[in-house]
Protein chains: 2
Amino acid sequence: MTAGQGSGGERKYQRIANELKAAITAGEYQPGDRLPGENELMTTYQVARMTARQALSVLQSEGIAEARKGAGVFVRTFRPLRRRGIQRLAQSQWGAGHSVWSTDLDEDRELIVDSVSVTEKEAPSHIADVLGLRRGDRVCSRSRRFVLDGKPVLLSTSHLSASLVAGSAITQEDSGAGGVYARLAELGHAPARFREEIRSRMPSATEAQELRLPSGTPVFLVCRTAFTEDGTAVEVNEMVLDAGSYILEYEFGA
Amino acid sequence: MTAGQGSGGERKYQRIANELKAAITAGEYQPGDRLPGENELMTTYQVARMTARQALSVLQSEGIAEARKGAGVFVRTFRPLRRRGIQRLAQSQWGAGHSVWSTDLDEDRELIVDSVSVTEKEAPSHIADVLGLRRGDRVCSRSRRFVLDGKPVLLSTSHLSASLVAGSAITQEDSGAGGVYARLAELGHAPARFREEIRSRMPSATEAQELRLPSGTPVFLVCRTAFTEDGTAVEVNEMVLDAGSYILEYEFGA
DNA sequence: TAGTGGTCTAGACCACGAA
DNA sequence: TCGTGGTCTAGACCACTAA
């Protein structure tokens, strides 16, 4: 046979991929172990380079394996953070000066803010709509990147009306104890209700680079809107999360 | 040049992919439109088949485009459902005989249960742990597939202790008005609290087939646990969602 | 330096969809 | 029937990593 797939048979690359997956499931390859490379698969299965490649790409696109250029293809480890969407925003926490992120920390794992930037610009239209701003009104945008065990896992950009927060610590890189929500409370705009909307898709090339995502890893897009008691939206926080690094959790009553 | 990438330059396939993306963003190709095929890209960019292919595969793996064998590569449409995780489980709804899914329906879009199967088997260990069952105890598992506009979007498997629900309508394919939660309430095990845990990853080949997912579409894994007032877990529902068809939404107070 | 994965070429046969 | 994407071959040069 020179090409094409036999009508009754499993695809060659699929068969190779399945055998590798089975070996991983059986524990023959542990997380972090190196899998057989392209050359080895070519000889053991007697296939062309591109076919061996495609077999390995199946594992990568399912998030099971990760290629490192010049080194090999390795079984990925999966050790996600648990992000509690509701308890973490309870008043008792930010009101008392805790970081909103402290509950994200499993024992001994450090989630660190890698870079912060605060800018003021004209409000993007989809943000202006939610915050009830007029055309041309300006927003204060706080962008942060969070790093876990040396790997970036979360990009967060928080948008607030520039006129609302002018002069407060919110416009500083260090927003102070309790963070932005404590400052909003001091300004008389304490958040009372939150809405989080979650999507998931494959990352753009830019996002994949910023989060150092191996191919086959989707991202969560979490958009949180904070409302005051009277129902006014005061903050919109757009987040991009490495989906392989997070479990999102919500608890609520019936 | 015969092969390899010029050290300073953008990859060929990446450049082609970027131009296609720009054209889509600019509106030259609308959702549902057919993109230039492999043959057309080969001639217009003077590249080999595999290179044109790889350019198109970039768009597919980012979920921007979708290949249909024998027809072409098309710009994908994105029109997700909004799944409200909290309001939809309020007592007022299932208590009154509404389907839990009714709030998922945007006007004029029909979410239909495609297939139902109810089985009884020994509890998988991760389910037994949560439900507090002993080794060898049995569970009643209700599996359903939901279809929107002819496309499957959600696979749901609900696990309950077999001894707890024996003889009730829960063991029937039609669980009756108000669904499983109304029946649990009648049995004296009304759910009072819920926990939903969300992950996202690329689908396995099986999941991709069952949900008819184009490549480049991740899935949500939503695991909901229902607790009674005294904190006993009475139901574990494992769901697999087409991430391109859903926005998950949670609203809660500070 | 040897071996790895990343990109690229120039061919081929196949199953499928639309006309 | 004809064009499409899906699979496959057998070569090639490159950048990167680890020994």
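Residues numbered from 1 in each chain as written. Chains lettered and ligands numbered in written order. Predicted model: local features only at pLDDT ≥ 70, side-chain atom pairs only at ≥ 80, totals over all residues. Heavy atoms only, no water.

Chain A goes by GntR family transcriptional regulator in an unreviewed UniProt entry, where it is assigned to Streptomyces hygroscopicus.

A. Structural detail: the overall build of chain A. Each helix and strand counted, chain A has eight helices and 10 strands in total. Put simply, chain A has 254 residues, and 45% of those count as buried. Sequence separation of 24 or more characterises 59% of the internal contacts of chain A that already satisfy a separation of 6 or more. (Helix = DSSP H or I, 4+ residues; strand = E, 2+ residues; numbered from the N terminus. Buried < 20%, exposed > 50% of the residue type's maximum accessible area, 1.4 Å probe, protein only. Contact = heavy atoms within 4.5 Å.)

B. Geometry of the relation of the copies chain B and chain A. Expressed as a screw operation, the relation of chain B to chain A combines 0.0 Å of axial shift with a rotation of 180°, fitting to an RMSD of 0.1 Å. Seen this way, the second copy is the image of the first under a two-fold rotation axis. The fraction of interface residues of chain B whose copies in chain A are also interface residues reaches 100%, indicating that both copies meet through the same surface. (Least-squares fit on C-alpha atoms with pLDDT ≥ 70 in both.)

C. Here's a closer look at the interface of chain B and chain A. If you look at the interface, chain B gives 39 residues, while chain A gives 39 residues. Taken together, the links from chain B to chain A amount to four salt bridges. Arg 82 of chain A is the partner of Glu 197 of chain B in a salt bridge, and the nearest nitrogen-oxygen pair spans 2.6 Å. Along the contact surface separating chain B from chain A lie 10 residue pairs in polar contact (both at pLDDT 80 or more). The set of elements that each furnish at least two residues to the side of chain B that touches chain A consists of α3 (49–61), α4 (91–95), β7 (191–201) and β10 (246–253) of chain B. (Salt bridge = Lys/Arg side-chain N within 4 Å of Asp/Glu carboxyl O. Polar contact = N/O pair within 3.5 Å; in protein donor to acceptor, adjacent residues only side chain to side chain.)

D. The arrangement of the protein's contact with DNA strand C in detail. In the vicinity of DNA strand C lie 30 residues, with Asn 39 of chain A together with Lys 12, Tyr 13, Ala 48 and Thr 51 of chain B positioned nearest. For DNA strand C, the backbone makes up 68% of the atoms found within 4 Å of the protein, where backbone means sugar plus phosphate. Interatomic distance of 2.6 Å between a side-chain N/O atom of Asn 39 of chain A and a phosphate oxygen of DNA strand C. Gln 54 of chain B is positioned with one of its side-chain polar atoms (N or O) 3.5 Å from a phosphate oxygen of DNA strand C. Those elements that place two or more of their residues in the surface near DNA strand C are α2 (38–45), α3 (49–61), β1 (65–68) and β2 (72–75) of chain A together with α1 (12–25) and α3 of chain B. Looking at side-chain class alone, the surface near DNA strand C contains eight nonpolar, 12 polar and 10 charged residues. (Near = heavy atom within 4 Å. Nonpolar A, V, L, I, M, F, W, Y, C, P; charged D, E, K, R; others polar.)

E. Focus on the pairing of strand β9 (residues 233–242) of chain B. All names here are of chain B. Most of β9 is tucked away: nine of the 10 residues are buried. As defined by bridge partners, strand β6 (residues 151–161) adjoins β9 across six bridges and the pair is classed as antiparallel. Pairing of Ser 158 across the sheet is with Asn 237, part of β9. In terms of strand pairing, strand β8 (residues 219–228) meets β9 through nine bridges, oriented antiparallel. What sits directly across from Ala 226, in β9, is Glu 235. Following β8, the chain reverses through four residues before pairing antiparallel with β9; Gly 231 in that reversal takes a positive phi of roughly 90°. (Pairing = 2+ DSSP bridges.)

F. Quick peek at unusual backbone geometry. All names here are of chain A. Non-glycine residue Gln 46 carries a positive phi angle of around 55°. Along the chain, Gln 46 turns up in the loop between α2 and α3. Using a relative accessible area of 63% as the deciding quantity, one classes Gln 46 as exposed. Within the chain, Arg 212 stands out as a residue other than glycine whose phi angle is a positive 50°. Counting through the fold element by element, Arg 212 comes out in the loop between α8 (205–210) and β8 (219–228).

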